[in-house]
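The primary structure of each chain is shown beneath.
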Amino acid sequence: RKGWKLSMSGPMDFVSVLKACSEGKFGEAVNILETLDTPTENTSKLAKQLDQTDAKGYTCLMLASQSGHSPLVSSLLNKGARARFRSPTLNATARQLAVMAKHSGIALALAKAEMREGLFRGMVAPVMTEFDADQNLVTKNIPAYVSHLVSSGVDGVFLCGTSGESMTLSVTERKELLERWIEARNLQKAPLYIIAQIGCDSVASSVELSRHAEKCKADAVACMMPTFFKPPSVKEALQFTKKVASASPCTPFFYYHFPKITGVNIPASSWVKEAMVSIPQLMGLKFTSLDCIDYGNICAHDPNNTLALLPGFEASYTAYVPFNDATERPFGGVALMCNFLGRHLKTFVNVANDTKMPSNQKYKKLETLQRITRRVASLGAETNPIAMLKVAMHGLGICSSIVLRLPNRCISVEEVKYIENELKSIREHKDTIPNHPKQDNGRKEDCKQLK
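None of these values were measured; they are calculated from a predicted model.

J.: Let's hear about the nonpolar core: which residues, and what values?
T.: For soluble globular proteins, nonpolar side chains are generally found buried alongside one another. Among the nonpolar cores identified, the biggest contains 94 residues, and Leu149, Leu178, Trp181, Phe253, Trp271 and Phe340 are the most heavily contacted of them. Considering every element that reaches this core, the biggest residue donor is helix H18 (residues 385-395), with 7 residues. Leave out the neighbours within four places in its chain, and Trp181 touches Val127, Ile142, Tyr145, Val146, Leu149, Val157, Leu159 and Ile194. Counting 30 residues, the second largest nonpolar core, distinct from the first, contains Phe26, Leu36, Leu61 and Ala83.

This is the structure in structure tokens:
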């Protein structure tokens, strides 16, 4: 009567399921589903049938998620419903509807189902934050940034991380950035998931940002450890992250491990071992460390691959791939270079996840790709990685300014030219590297030149 058009296959009567859901008879829908046989070869066909929409743009899974009916959600997922399916009229997923209805158990179950379909996988860009000449926040170029990342094949965005100069931002500025990024993503219907880094030195500020991220329906939050008063042991680190995560009970939680910056040298694997049983929202880690033993121990603590592990040092990605191969865990990462070398990093991920390619051939290809990332990483180390990122994005027409916020050092005009020439050389695969100019420590003169 409402115009449902479903191609039926055998005894599977999904019209009855849709009708029961639309009338709120969720128990009846469960009973119908339980009587249906679901052969493996028909799973993709079943998924398409379950995704059929009525005039209002709802699916069975969306209705069940919004109503908080866990048994039906579980049954639908088991029968092949796609958790990442987005309603064409609502422009929302079942998980987002569950978050709005504050059904935390369903929201997290759907997030795990989405992760099996690709959520929190692939390459993630830790995006920069733009400032004008007076160091005020600039957000007008975010829509162009979103379009650029999508065209570069990037899968997700890591917002307000180290590359985003988050610790120089106020809580108000971080809220505004998240709102503008989600608004631009939704308007363009861009296939980007957004992880908002909400860690601060103040637990109260972290909790405030955590609540705001859930209100904005961010795909996940990530939390860095405090950098001034540091947690002395795993116990205090766990207490801090539990309190922050509890402020967004429906939102997946990532631990941001970056000991070189935070000075918190607690092994991430020790935190993971405790957090897996005490933080239900735990969905993964951004692992920015060169400690492969620690990374291997995390894999050992997660034998069922329930966590998304996203390494952060792209110049050393090849070192992590064997751990993922051994545990059949899809490889992905958070890479600064994704912002301007997205296709290159995407190729790396595709090769790393190719299970049919012989190992010797795979690692030979990965090493060839890794040479470029090592060269770019060396350029960032010579100058300033965030400055390099801003120069690259300015050259692509994505941002209007390359100003870094204090206390970061403003780079000289000479250094800007050097970075531009080096990046051009790298893109053209040239081997000639000019001498690096001496850094000018006169901050006022540098800032004056940039203005």
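Moving on, there is more to tell.
J.: Any chance you could break down the pairing of strand E4 (residues 156-159) for me, citing the residues and the numbers?
T.: Burial along E4 is two-sided: Gly156 and Phe158 facing one way and Val157 and Leu159 facing the other are all buried. Relative to E4, strand E1 (residues 123-126) runs parallel, the two sharing 3 bridges. Among the inter-strand pairings, Ala125 is bridged to a residue of E4, identified as Val157. The pairing of E4 with strand E5 (residues 193-197) spans 4 bridges and is parallel. Pairing of Phe158 across the sheet is with Ile195, part of E5. A crossover connection joins E4 to the parallel E5 through helix H9 (residues 171-188); in handedness this β-α-β unit is right-handed.

J.: Describe the layout of surface pockets, naming the residues involved and giving the relevant values.
T.: Size it by volume and the largest pocket reaches roughly 970 Å³. If you go around the largest pocket, you meet 36 residues; those closest to its centre are Thr162, Phe258, Ile261, Phe313 and Pro385. Elements with a contribution of two residues or more to the lining of the largest pocket: helix H12 (259-262), helix H17 (359-382) and H18. Looking at the lining of the largest pocket, the element that brings in the most residues is H17, giving 4 residues. Considered as a void within the structure, the second largest pocket measures approximately 250 Å³ in volume. In terms of lining, the second largest pocket is formed by 16 residues, of which the most central are Arg84, Arg86, Ala190, Pro191 and Leu192. Of all the elements in the fold, those that place two or more residues in the lining of the second largest pocket are helix H6 (94-100) and H9. Of the residues belonging to the lining of the second largest pocket, the class tally is 5 nonpolar, 4 polar and 7 charged.

J.: Go over the pattern of salt bridges, please, and point to the residues and values.
T.: Applying the stated criterion to the full structure yields 17 salt bridges. Lys25 serves as the salt-bridge partner of Glu23, at 3.3 Å between the closest nitrogen and oxygen. On the basis of relative accessible area, Lys25 is assigned to the partly exposed category, the value being 41%. Here Glu367 ties to Arg374 by a salt bridge, and the two come within 2.5 Å at their closest N and O atoms. Salt bridges sharing partners connect three or more residues here, namely Arg84, Arg95, Glu114, Arg185 and Asp219.

J.: Tell me what's going on with helix H16 (residues 342-352), and back it up with residues and numbers.
T.: Looking at H16, one finds that the buried residues are Gly342, His344, Leu345, Phe348, Val349, Val351 and Ala352. On its buried side, H16 packs onto E1, helix H15 (321-327) and H17.

J.: I'd love a proper account of the sheet that holds strand E10 (residues 333-334), names of residues and values included.
T.: Pairing is parallel across the open sheet formed by 8 strands, whose spatial order is E9-E8-E7-E6-E5-E4-E1-E10. For this open sheet the edge positions go to strand E9 (308-311) and E10, each flanked by a neighbour on one side alone.

J.: With reference to specific residues and values, describe the environment of Cys160.
T.: Position of Cys160 among the secondary structure elements: in the loop between E4 and H9. Given a relative accessible area of 3%, Cys160 falls into the buried group. For the pair Cys160 and Val127, spaced 33 residues apart in the sequence, the C-alpha separation amounts to 7.4 Å. Dropping the residues within four chain positions of it, Cys160 is found in contact with Ser166, Leu169, Arg174, Leu177 and Gln197.

J.: Any chance you could break down H18 for me, citing the residues and the numbers?
T.: Most of H18 is tucked away: 8 of the 11 residues are buried. Elements that come into contact with the buried residues of H18 comprise E1, strand E2 (130-131), helix H8 (142-151), H17 and helix H19 (413-427). Two or three places before Ile386, at the opening of H18, Asn384 has a side-chain oxygen 2.8 Å from that residue's backbone nitrogen. Following H18 by one or two positions, Gly397 adopts a phi angle in the positive range, close to 80°.

J.: If you had to explain the environment of Leu76 to someone new, which residues and values would you point to?
T.: With respect to the secondary-structure elements, Leu76 resides in helix H5 (residues 70-78). Looking at Leu76, the relative accessible area reads 0%, which means it is buried. Put simply, Leu76 and Ala64 are 12 residues apart on the chain and 9.1 Å apart in space, counted from C-alpha to C-alpha.

Conventions used here
Residues numbered from 1 in each chain as written. Predicted model: local features only at pLDDT ≥ 70, side-chain atom pairs only at ≥ 80, totals over all residues. Heavy atoms only, no water. Core = buried A, V, L, I, M, F, W, Y, C linked by side-chain atoms within 4.5 Å. Buried < 20%, exposed > 50% of the residue type's maximum accessible area, 1.4 Å probe, protein only. Helix = DSSP H or I, 4+ residues; strand = E, 2+ residues; numbered from the N terminus. Contact = heavy atoms within 4.5 Å. Pairing = 2+ DSSP bridges. Right-handed = clockwise from strand over helix to strand, strands pointing away. 1 Å grid on protein atoms, 1.4 Å probe; cavity = no way out; pocket = protein on both sides within 12 Å on 5 of 7 lines; lining within 4 Å. Points joined across faces, edges and corners; volume = space filled by probe spheres on them. Nonpolar A, V, L, I, M, F, W, Y, C, P; charged D, E, K, R; others polar. Salt bridge = Lys/Arg side-chain N within 4 Å of Asp/Glu carboxyl O. Polar contact = N/O pair within 3.5 Å; in protein donor to acceptor, adjacent residues only side chain to side chain.

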